[in-house]
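As a plain string of letters, each chain reads:
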Amino acid sequence: MKKIIEEIEGEGLDSLLGEYITVWCCRYIYAGKLTGVNDKDILLSDAKIVYDTGTLDEAGFGDAQALPNNWYVRTDSIESYGKMS
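Residues numbered from 1 in each chain as written. Predicted model: local features only at pLDDT ≥ 70, side-chain atom pairs only at ≥ 80, totals over all residues. Heavy atoms only, no water.

J.: For this particular structure, what's the right way to read the pattern of salt bridges?
T.: Under the criterion given, the structure shown has 3 salt bridges. With its nearest N and O atoms 3.3 Å apart, the salt bridge here joins Lys-83 to Glu-19. One end of the pair, Lys-83, is in the segment after strand E6 (78–82); the other, Glu-19, is in the segment before strand E1 (20–25), with 64 residues separating them in the sequence. Relative accessible area serves as the criterion here: at 52%, Lys-83 is assigned to the exposed category. In this structure, the salt-bridge partner of Asp-46 is Lys-48, at a minimum N-O distance of 3.6 Å. (Salt bridge = Lys/Arg side-chain N within 4 Å of Asp/Glu carboxyl O. Helix = DSSP H or I, 4+ residues; strand = E, 2+ residues; numbered from the N terminus. Buried < 20%, exposed > 50% of the residue type's maximum accessible area, 1.4 Å probe, protein only.)

Written out as structure tokens, the structure is:
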């Protein structure tokens, strides 16, 4: 059996703290400034729910509605995430 065991600090969501990210979840897409991360939730400031991404190689979304205040997203529903242009 082969095993790779390596823990690298500051990768994944932690590396994106303070950045404006897009988060694809099992049902919805969210965007906002990543201001908090723990093992169960992420916290987005200036958060939006995205109903239409538009073309992914262009800045901005086709339809994104602002969410009130800060918004929490459960990490167990996240499928992918990252910074978009």
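Anyway, onward from the coordinates.
J.: What's the story with the pairing of E1 in this structure? I'm lost.
T.: Regular strands have side chains that alternate between both faces of the sheet. Pairing between E1 and strand E2 (residues 29–37): 5 bridges, direction antiparallel. Pairing of Thr-22 across the sheet is with Ala-31, part of E2. Counted between consecutive antiparallel strands, the loop separating E1 from E2 contains 3 residues. Judged from the 4 bridges that link them, E1 and E6 form a sheet pairing that is antiparallel. When the sheet's bridge partners are listed, Cys-25 is paired in E6 with Ile-78. (Pairing = 2+ DSSP bridges.)

J.: Please clarify how the side chain of Thr-22 should be interpreted in this entry.
T.: Relative to the elements of secondary structure, Thr-22 occurs in strand E1. With a relative accessible area of 2%, Thr-22 lands in the buried category. In this structure Thr-22 touches Ile-29, Tyr-30, Ala-31, Phe-61, Ser-80, Tyr-81, Gly-82 and Met-84, once residues within four positions along its chain are discounted. (Contact = heavy atoms within 4.5 Å.)

J.: Which parts of the structure should I look at to understand the pairing of E2?
T.: Strand direction decides the pairing type here: E2 and strand E3 (residues 41–52), joined by 7 bridges, are antiparallel. For Lys-33, the partnering residue across the bridge sits in E3 and is Ser-45.

J.: Looking at this structure, I do not really get unusual backbone geometry. What am I missing?
T.: Note: most residues except glycine have negative phi, and most peptide bonds are trans. If you check the backbone angles, Asp-46 has positive phi at about 50° while not being a glycine. Examined against the element boundaries, Asp-46 turns out to sit in strand E3. The class for Asp-46 is exposed, based on a relative accessible area of 51%. A positive phi is found at Asn-69, a non-glycine position, where the angle reads about 55°. When you line up the elements, Asn-69 lands in the loop between strand E4 (63–66) and strand E5 (71–74).

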